[in-house]
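As a plain string of letters, each chain reads:
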Amino acid sequence: MEDRRITKTKRNLKSTLISMLPEQPFEQISITELCARAQISRITFYSHYSDKYALVDEIFQDMVVLGTEDYERKQRKNNPGRDEVLSYCNILDAIMELYYSHFDFFHYTAPDKNPYLAFAFYSIVLETVEKHTKRMERQSRLKYSPKRIAGFLCYGIIGFINEGHAERIPVERQQKEAKELLMGILRSRVLIQL
C-alpha cells in the first residue's frame, strides 16, 4: 500500500494537470509550470513520474480501475448468466458513465485538442473491447479477428456518440440509442460464424 503522503502528492499532481487542460493543450504543459501550480518541486515530481506522459497514463489507469469496478458491478447485477450481448452493453455503459462522470478530464481527449490524450483513451477502450471479444471467441466462432471486431465496434460507437454530441442529443438518449445499436449488431450474429 502506498504511503498517504505519496498518494496525496500524486492526487494533487493529477488534479492540477486536469485543471490546466482548459487553458492549454496537454503537449504545451511543462513540468515546471505543473509543479509551480501544484506547489511541489520538480525533484518531487520526478521521484514519482518519469515525465508528464507517465502522469497522464496513471490518470488513465485510475480510470480503468473505476470502469472495471463499475463493469463488474453491472455484470453481477444484470447479467449473472454472462450473456455475451449484455456483457458488451455493460462495457459500453461503464465506459460512457465513466466518461461523463469524469467529463472534466475526458472532455480534453478529443483528437483536435489533445492528440496524445485521444490516442491513449482510444487505445485503452480498444484494448478493453478486444479482451472481451477474445473471451467471446472461446464460446463462439467469430467471422473476424477480435482486434478487427473491437475496432469496428469502438470506431462505430465513438463516431455515433460524437455525431450525437454535434446534433446536441441528450446524453441519456445517446446512451440508450448506442446500446440499442450495439445490441442490434451483436444479436444479429453478423460477427459470428454459424
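What you see is a predicted model, and the numbers here were worked out from it, not measured in a lab.

Rules behind the numbers
Residues numbered from 1 in each chain as written. Predicted model: local features only at pLDDT ≥ 70, side-chain atom pairs only at ≥ 80, totals over all residues. Heavy atoms only, no water. Phe/Tyr/Trp six-rings, centres within 6.5 Å; stacked < 30°, edge-to-face > 60°. Helix = DSSP H or I, 4+ residues; strand = E, 2+ residues; numbered from the N terminus. Lys NZ or Arg CZ within 6 Å of the ring centre and 35° of its normal. Core = buried A, V, L, I, M, F, W, Y, C linked by side-chain atoms within 4.5 Å. Buried < 20%, exposed > 50% of the residue type's maximum accessible area, 1.4 Å probe, protein only. Contact = heavy atoms within 4.5 Å. Salt bridge = Lys/Arg side-chain N within 4 Å of Asp/Glu carboxyl O.

Draft legend 1. Representation of the packing of aromatic side chains in the model. Counting across every chain of the model gives 16 aromatic pairs. Measuring from centroid to centroid gives 5.4 Å for F26 and Y53, while their planes differ by 80°, and the two rings are edge-to-face. Here F26 is found in the loop between α1 (4-20) and α2 (31-38), whereas its partner Y53 is found in helix α4 (residues 52-78), with 27 residues between them in sequence. Every member of this aromatic cluster is reached through a ring pair, and the members are F60, Y99, Y100, F103, F105, F106 and F121. The ring of F26 is capped by K52, whose NZ or CZ atom sits 5.0 Å from the centre of that ring.

Draft legend 2. Up close: the nonpolar core. Counting residues in hydrophobic clusters, the biggest one holds 52 residues, and the most contacted among them are F45 and F105. Contributing elements (two or more residues each) for this core: α1, α2, α4, α5 (84-101), α6 (103-106), α7 (115-137), α8 (146-166) and α9 (171-187). Leave out the neighbours within four places in its chain, and F45 touches L13, I31, L34, C35, I40, D51, K52 and L55.

Draft legend 3. Just the pattern of salt bridges, in detail. Per the counting criterion, the structure on display carries 16 salt bridges. In this structure, E58 engages K10 in a salt bridge whose closest nitrogen and oxygen atoms are separated by 3.6 Å. With E58 in helix α4 and K10 in helix α1, this pair connects stretches of sequence that are 48 residues apart. For E58, a relative accessible area of 22% gives the class partly exposed. Two residues, K134 and E130, come together in a salt bridge whose shortest N-O distance is 3.7 Å. Residue K134 and its partner E130 are both found in helix α7; the two are separated by 4 residues, about one turn of the helix. For K134, a relative accessible area of 43% translates into the label partly exposed. Look at E130 and you get buried, because its relative accessible area is 12%. Overlapping salt bridges, with partners in common, bring together K10, K14, E58 and D62 in one network.

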